[in-house]
Amino acid sequence: MRKYLIAGMAMLAAAALFCGCRTGERAEVPEWRGKAPGTAYLGDDVLWRPRENLIFHMMDQQGSGFKLRFTVRDLNTYVHAPAPVFFQVVGPDDRILARAFLEDDGVTGGDFARQDGHYDPYADFRYRQFHRANSPGGVPPEKERSPYLEHPEKLPFRVVELEVPADGPGLYRVLVTGRYDHFISMTPDRPIPTGIHPGTGPLNLAGNHLEKSFFYLPDTPGDVALALSEETLPYAGKLALRDGEGRLIREAEADGFYTFLFFDDLEKGRVYQLDIANANAGMGLHGAGFPFVFAPDAETAKLLAGGLKFDSRKRYGFHDYVATLNRWRDGVKPEELAAEVAFPPEIGKLVLKGRENRKIAVGEVAALLAKQNLDPSGPDYGAFPAVKKGPKLVNLLEIAAGEPAEGKNPYYGHPALIRRLLLARIPQLVKLSAAYRFDGSDLGFRKPERAGYFTAGSRSNWYGLGLDAEHVSSLLAAKEHAAAALPAEVLEAWKTPYRLWASGRFNMHAGEVANQWGYNANILMQIAEALDDPAIAAEIRRFQRLVTTVGLYGRVNPDATPFDKKRGKLDTDCGLTPSGYMPEQLGFDGEYTCEQTMLWGWIWRKFPDDSTVKWFNAFNTLKTHLTLPKGAEAPQVTFSQTCSPTDLNFRTRYMTHKNHQPPEMIGKVDYLDLWFPQKGRKSAKPWPCLETAEFVRVIDDKFFFMNSGDFYAILYGGPREPRWSNWGAESLRGDSLNFDGPNGMGYGGWGTANKPGGISALYLRGVGPVVFGQNHSVMDSDTVWGRAKQPLFAAWRREDCDPRIFAACYAQPEVTFDAAAKRYRLTEKIPYVPLEVNRTISFAPDTVRVEAGVRALEDFSGAELNWSLPFFADNRRVLAGQGGKFRALEIPEPQVTPSRPRFPDAALEKARCTAPGFRADAIRLLDRHGEKGVEVKFDAPGEFRLLNPIRYREVAPAGGALMRKLPAELKKGEEVKFGYTITAWRSEGK
């Protein structure tokens, strides 16, 4: 067994090593289990299933040291990647006493036939609720439930042992970070009263350990919520809260997958009993408003007190360092905060510069200090006033204290400034907790006016972006001089929350929201530097290896797609893909995938490695092929002079046209020099859309790029965002709720995200983009869409969903692509209505031929049915033709939508469709002079409407659409066909 032990307050001096283990032969149950108080949760046969974390709270009244035995079982079903387990013990004085990694058992790839859910709670519930509402029997098709969920004790197990050194009497926290496939037990070598906490996620009810449990409600402000979530039908859970004498206070019985209770009248400072009936595998316990620590008896619950500590002024915290910081804050003297510094006038003009373009002149520091609240009697003691625009004032104080300016800054390292930094940060530091994340959000809950999933105590194992610890920047600024400015115990108390926060990210499973992994790793990088901690640096290195390994994280979406079946293997939708991006919400997103390279580019500068360069090379190849100049020439400023179709985004409406990859990688990463043009430097390769040679390029069987004559086309033929991923609109059923319909995408768009059209973009050399899909609404994509006569769902989010809208772009398509013939075939069975769309798109020099049909699989009667042709609207003229005669359409100035709203502007959307209809057999999309462009010639004339153009922010490209009306009444087997040919067009003499 190889273990880490830590002496004093220092972190481990080297990387956390993977420990040894042995295979268990039989479960061991100590004879004192259940006899000694607080020991019922211990023993090899008491199995706990982490959503990601388990935190055992052990009140050791001896403090003489003990040994821990863990058993680890792995279901190897829901998580495809290697799944190590991390163990850590924190003592009463916040020292990390022992920790170890257990390597994965060597079985990876999951068990797809039994993968009937998702490790992330909210995603899991959306998935299961979608199939409850839309699949036969209410269960996912082609899935079976693993028998080990009901009988995890039958899984083989491995044994890990840790020796915990003496740290005195008090509360010991044992953190276990694993995966949803794990079942864990813990046994000390002597009886110690123990409670259980699940970290931020729900507490899984494996077995009947929580049939009757107890928790302590401290005297803190707020109300209480308790809830049960269930995975499988029929929903049968019951929960009842009783007082310390066993008298019933309130109870609820499931009538939906999520059942909840609120309490705003409970007496504080007491122990309560929670009864759960009909528990089954996959059931989870949620709650808020109290430290989420459960104990097997009332005596232990009172002893643990939720792990919360109070001082004489009734201030509370989860850790010992909180009291140290508060004592210092109470006792710091005004003269210790005084910083009267003299300097000559020329030094006052010296501008001190910090991160993110923050800056302050030396002569402005005194005025900055005067803004800090130094009244110790008030609640805002130490705080700076908020600013509406610009950097936070405390960040400017960091620059003043931490920027030497080649020895010219008279405030550099000033003890008073360092003390003021700490004083400003204490309110955040006392809330920071690795075990609870989100600034201790278990506390401070308030009963909502209207119950809902997010307001009824739901718990998530999501890590967030790690921004709750970004104030480590203050410690980093003070690093070189803090020891001279602060007592040793106070400086250690400043460091401790970051040390614990960092260790709480060890073995972090970032999963399908990959940008959070990069953000957290960047905060870890700052903490490693602030603490000079090689163990944290080693964990960042380990993360680097994980994020740069293609295919490592495998598959998150439990449902097979036609794309999987075509390739004969599961597509990767989590972690690094062969396409070069890490998925965000199961696929590519032009904003978040670029953000990933920004974050990991920062890390690469500190921790250079070849694997990051290889990843960035693959990603930049994809990004550059997806990027088009707004005009005919190569861009000189990529941010404002390029664009990309966003219809293929899985999450946002945005495409970031900055390139965040480090310019130092030029020469190592293909096309990177294009993004950082320099006068006199010739790029190694041209923009793909400006190449003159014919080519067909395919990336990972998903992204198709064709250069044919003067046309450059972008098509996406990969899997699309599954319908379940947005299935979160709530229906209340008494004290329960279900998800009964879709939420929209957020980010200011309509409907769900990912709306890939037949052609995402068509670029004409000498002109620029002509066909141009956007992810704003289905009308902005090259797709067939329509409206039903009645809502298609029982519930929907009204701010960004029209419940009658359906669209072919929401289907999981069947795609074939013949590179030699330059032929693309697409079949889409439209979800929720009995329509199938078939398209064949053929490319020849300067010509695109499209043949399309909409076939009724059953009788269909809708309110409307349309096909949209999205067009690029900047510096364009649009002409409608009939019988060879053309007239210019009046195209309004593009409206700029709010850039970062959660919901779209309904009035603006209504105004987009106000132009009168017209009849045409041809459309011309031309440059602003009307001299060059494309002509779209239809096989038969049709009725069209204009969708007025929009842009999602000022610098973004504008796009509109021409919508062709199709018959909205079809009999079973009836097919509506339409075809068109797109050709390059020039006026005579041009």
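Treat the numbers as computed from the prediction; the structure is a model and nothing was measured.

Parameters and conventions
Residues numbered from 1 in each chain as written. Predicted model: local features only at pLDDT ≥ 70, side-chain atom pairs only at ≥ 80, totals over all residues. Heavy atoms only, no water. Buried < 20%, exposed > 50% of the residue type's maximum accessible area, 1.4 Å probe, protein only. Helix = DSSP H or I, 4+ residues; strand = E, 2+ residues; numbered from the N terminus. Pairing = 2+ DSSP bridges. Phe/Tyr/Trp six-rings, centres within 6.5 Å; stacked < 30°, edge-to-face > 60°. Lys NZ or Arg CZ within 6 Å of the ring centre and 35° of its normal. Axes fitted to C-alpha atoms, helices over the stretch in contact; angles between N-to-C directions. Parallel < 35°, antiparallel > 145°, perpendicular 65-115°, else oblique. Left-handed = near helix turned anticlockwise from the far one by under 90°. Contact = heavy atoms within 4.5 Å. Core = buried A, V, L, I, M, F, W, Y, C linked by side-chain atoms within 4.5 Å. Domains from an automatic or database assignment.

Caption draft 1: Geometry of the pairing of strand β5 (residues 85-90). Burial within β5 is extensive, with 6 of its 6 residues counted as buried. Residues Val85, Phe87 and Val89 line one face of β5 and the alternating positions Phe86, Gln88 and Val90 line the opposite face, and both faces are buried. As paired elements, β5 and strand β6 (residues 96-102) share 6 bridges and run antiparallel to each other. Among the inter-strand pairings, valine 89 is bridged to a residue of β6, identified as alanine 98. Linking β5 to β6, which pair antiparallel, is a turn of 5 residues; within it aspartate 94 sits at a positive phi near 75°. Of the pairings in the sheet, the one linking β5 to strand β8 (residues 170-177) comprises 5 bridges and is antiparallel in character. When the sheet's bridge partners are listed, valine 90 is paired in β8 with arginine 173.

Caption draft 2: Spatial organisation of the sheet that holds strand β13 (residues 224-229). Here we have 6 strands laid out as an open sheet, ordered β11-β18-β13-β16-β29-β28, and antiparallel in their pairing. Here the strands that pair on one side only, and so sit at the sheet edges, are β11 (203-204) and β28 (729-733). Note: β11 against strand β18 (residues 284-288), 2 bridges, orientation antiparallel. Bridge pairing links leucine 203 to leucine 285 in β18.

Caption draft 3: Up close: the packing of aromatic side chains. Throughout the structure, instances matching the rule amount to 55 aromatic pairs. For the pair tyrosine 258 and phenylalanine 260, a centre-to-centre distance of 6.4 Å together with 35° between the ring planes defines the contact as tilted. The pair formed by tyrosine 258 and phenylalanine 260 is uniform in burial state, with each residue classed as buried. Here phenylalanine 772 and phenylalanine 872 contribute two aromatic rings whose centre-to-centre distance is 5.5 Å and whose plane-to-plane angle is 90°, an arrangement assigned as edge-to-face. With phenylalanine 772 in strand β31 (residues 768-772) and phenylalanine 872 in strand β39 (residues 864-872), the pair connects residues that are 100 residues apart, well separated along the chain. Neither phenylalanine 772 nor phenylalanine 872 differs from the other in exposure class; each is buried. The structure contains a cluster of three or more aromatic residues connected by ring pairs, namely Tyr122, Phe125, Phe257, Tyr258, Phe260, Phe262, Phe445, Tyr453, Phe454 and Phe739. Lying across the ring of tyrosine 180, arginine 49 places its NZ or CZ 3.5 Å from the centre.

Caption draft 4: Broad picture of the packing of helix α3 (residues 320-331) against helix α7 (residues 415-429). Running from amino to carboxyl end, α3 crosses α7 at an angle of 135°, the nearest separation of the two axes being 10 Å. Taken together, the axes of α3 and α7 are oblique relative to one another. Judged by the sense of rotation from one axis to the other, the crossing of α3 with α7 is left-handed. When α3 is examined against α7, the residues Tyr321, Leu325, Asn326, Trp328 and Arg329 are found in contact with a partner set consisting of Arg419, Leu422, Leu423, Ile426 and Leu429.

Caption draft 5: Representation of the environment of alanine 81 within the structure. For alanine 81, the position within the fold is in the loop between β4 (66-74) and β5. What makes alanine 81 buried here is its relative accessible area of 3%. For the pair alanine 81 and valine 107, spaced 26 residues apart in sequence, the C-alpha to C-alpha distance is 8.9 Å. Other than its neighbours up to four places away in sequence, alanine 81 contacts Thr108, Leu552 and Tyr553.

Caption draft 6: Just the nonpolar core, in detail. Ranked by internal contacts, the top residues of the largest apolar core, which has 150 residues, are Trp494, Trp600 and Phe703. Both domain 1 (1-111 + 146-201) and domain 2 (691-986) contribute no fewer than three residues apiece to this core. When near neighbours in sequence (up to four residues on either side) are disregarded, tryptophan 600 contacts Trp517, Gly518, Ala521, Phe543, Gln544, Val547, Met582, Thr612, Trp615 and Phe616. By size, the runner-up hydrophobic cluster in this structure holds 55 residues, among which are Phe704, Phe871, Val878 and Leu966.

Caption draft 7: Looking closely at the domain arrangement of the protein chain. What the domain assignment reports for the protein chain is domain 1 (1-111 + 146-201) and domain 2 (691-986). Relative to domain 2, the C-alpha centre of domain 1 lies at a distance of 53 Å.

Caption draft 8: Looking closely at unusual backbone geometry. Here the amide bond leading from leucine 233 into proline 234 is cis, since omega sits at -10°, within 30 degrees of zero. Note that proline 234 resides in the loop between β13 and β14 (238-242). Of note in this structure, glutamate 142 is not a glycine but carries a positive phi near 60°. For glutamate 142, the position within the fold is in the loop between α1 (121-134) and β7 (157-164).

Caption draft 9: Here's a closer look at the sheet that holds strand β9 (residues 182-188). As summarised here, the arrangement of the 4 strands in space is β2-β7-β4-β9, forming an open sheet in which the pairing is antiparallel. A single partner strand is all that each edge strand has here, and the edge strands are β2 (22-23) and β9. Strand direction decides the pairing type here: β2 and β7, joined by 2 bridges, are antiparallel. Across the sheet, the residue bridging to threonine 23 is arginine 158, located in β7.

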